[in-house]
Amino acid sequence: MKIGAIQFEPLFGEVDRNLELAGSLIMKSDADLLVLPELFNTGYVFTSREEAISLSEQIPQGRTTQMLCDVAKEKGIFIVGGLVEKDGDRIFNSAVLVSPDGYVGRYRKVHLFFEEKLWFDPGDEGFSVYDTGVCKVGIMICFDWFFPESMRALSLMGADIICHPANLVMPFCQDAMRTRCLENHVFAITTNRVGTESREGKSLHFTGGSQITGPDGRVLFRAGEDSEETGTAEIDPMAARDKKINEYNDLFRDRRTNLYGALLKGRNF
Ligand code: ACM
């Protein structure tokens, strides 16, 4: 199958324009599974929780999820993309997975970054893996990569491909993803955005470099730091299923879970 990352520059608050651009980029791609950036429909630099609420949408009824469902159906593909989710009086930094048959599932960002803690509620549903029929897909969002537990949990749940919408502002993720993929023997599609958002005296520059990483830690595609581009890689998702390193070692069977107690507790020093 062919997997792809759509790196582009959303403009803050211009939901019509961002959806139209994302839709046209999806229509031009020949990938079977595409990942859009985190918050691709709204932009990232919010100035208040009220502003984030005003741009939030219900999943799956909202227009962004419905637009993704429409293009996924038309193209016969799977798409993952990020948006602000409204659920009653709570809002989440979420991502959805849609298929040719419609909405499949969502993920609510567990590890909120920086001022996201002021705008969003922390994800309350943990991690999920979705079976597309061809492969098993796990979702995490941007800063989740900083916590190895995110990809470990998804991989232990059987994910072959980690879909990773991002709005990265630091330069470390791409190199780290090589290790994350190697230590879990999974594929990952990290889709970052490009551009700078300046709002009410705050400015963030997004670092591009979207990356598709293989289970052996190899970089299968790396985008430029400023360019709007769609990158793809032809992969066999089944390559992620065999966790053997050699005839004596297996990544998951060799885990000594009875000796890892500290991992399940909070900081204890
Ligand atoms: C991030 O989590 N958007 C850095």
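Look a little higher up for the structure.
Residues numbered from 1 in each chain as written. Predicted model: local features only at pLDDT ≥ 70, side-chain atom pairs only at ≥ 80, totals over all residues. Heavy atoms only, no water.

Participant: Go over the overall build of the chain, please, and point to the residues and values.
Facilitator: A count of helical and extended segments in the chain gives six helices and 14 strands. Since a compact globule built from 269 residues should have a radius of gyration of about 18 Å, the 18 Å found for the chain is in line with a globular shape. Seen along its three principal axes, the alpha-carbon backbone of the chain occupies a region of about 55 × 50 × 35 Å. Counting all 269 residues of the chain, 54% fall into the buried class. Here the contacts in the chain between residues at least 6 apart in sequence split such that 68% fall between residues at least 24 apart. (Helix = DSSP H or I, 4+ residues; strand = E, 2+ residues; numbered from the N terminus. Rg over C-alpha atoms; globule rule 2.2 N^0.38 Å. Buried < 20%, exposed > 50% of the residue type's maximum accessible area, 1.4 Å probe, protein only. Contact = heavy atoms within 4.5 Å.)

Participant: Describe in detail the packing of helix H5 (residues 148-156) against helix H6 (residues 173-184), supporting the description with residues and values.
Facilitator: Closest axis-to-axis distance for the H5/H6 pair is 10 Å, and the angle between their directions is 35°. Relative to H6, H5 is oriented so that their crossing is right-handed. Each of Pro148, Met151, Arg152 and Ser155 in H5 lies in contact with H6, whose residues at this interface are Met177, Arg180, Cys181, Glu183 and Asn184. Residue composition of the contact of H5 with H6, grouped by class: four nonpolar, two polar and three charged. (Axes fitted to C-alpha atoms, helices over the stretch in contact; angles between N-to-C directions. Left-handed = near helix turned anticlockwise from the far one by under 90°. Nonpolar A, V, L, I, M, F, W, Y, C, P; charged D, E, K, R; others polar.)

Participant: Give a detailed account of the sheet that holds strand E6 (residues 129-131), specifying residues and quantitative values.
Facilitator: Pairing is mixed in the open sheet, where six strands are placed in the order E6-E7-E8-E9-E12-E13. Either end of the sheet is taken by a strand with one partner, and the two such strands are E6 and strand E13 (219-222). Taking each pair of neighbouring strands and ignoring which way they run, the sheet shows an average axis angle of 15°. Bridging between strand E9 (residues 187-191) and strand E12 (residues 211-213) involves three bridges; their strand directions are antiparallel. Note that in E12 the partner of threonine 190 across the bridge is glutamine 211. Each of strand E8 (161-165), E9, E12 and E13 is contacted by H6, which is oriented at about 20° to E12, the strand it contacts most. (Pairing = 2+ DSSP bridges.)

Participant: Give a detailed account of the packing of aromatic side chains, specifying residues and quantitative values.
Facilitator: Summed over all chains, the structure comprises nine aromatic pairs. On the basis of an interplanar angle of 15° and a centroid distance of 5.4 Å, the ring pair of tyrosine 107 and phenylalanine 127 is categorised as stacked. Within this pair, whereas tyrosine 107 is found in strand E5 (residues 102-108), its partner phenylalanine 127 is found in the loop between helix H4 (116-119) and E6, the two being separated by 20 residues in sequence. Phenylalanine 127 sits in the buried class, given a relative accessible area of 18%. Between phenylalanine 113 and phenylalanine 114 the ring centres are 6.1 Å apart and the planes differ by 45°, which places this aromatic pair in the tilted class. Residue class for phenylalanine 114 comes out exposed when judged on its relative accessible area of 58%. (Phe/Tyr/Trp six-rings, centres within 6.5 Å; stacked < 30°, edge-to-face > 60°.)

Participant: Please give an account of the sheet that holds strand E1 (residues 2-7) that cites residues and values.
Facilitator: Backbone-to-backbone hydrogen bonds join strands into a sheet, with any given pair of strands oriented parallel or antiparallel. Reading across the sheet, the six strands line up as E5-E4-E3-E2-E1-E14 and stay open at both edges, with mixed pairing between neighbours. The sheet terminates laterally at E5 and strand E14 (229-234), the two strands that pair on one side only. Between one strand axis and the next, the sheet turns through 30° on average, direction left out of account. In this structure, E1 lies alongside E14, joined through six bridges in antiparallel fashion.

Participant: I'd like a rundown of the packing of helix H1 (residues 15-28) against helix H3 (residues 63-75), residues and numbers included.
Facilitator: Two elements in contact, H1 and H3, have axes separated by 10 Å at closest approach and are oriented at 15°. Between H1 and H3, the interaxial angle falls into the category roughly parallel. H3 is crossed by H1, and the crossing has right-handed handedness. Contacts between H1 and H3 involve Val15, Asp16, Leu19, Ala22, Gly23, Ile26 and Met27 on the former and, on the latter, Arg63, Thr64, Met67, Leu68, Val71, Glu74 and Lys75. Considered class by class, the residues forming the contact of H1 with H3 number eight nonpolar, two polar and four charged. (Parallel < 35°, antiparallel > 145°, perpendicular 65-115°, else oblique.)

Shape descriptors only; they carry no functional weight alone.
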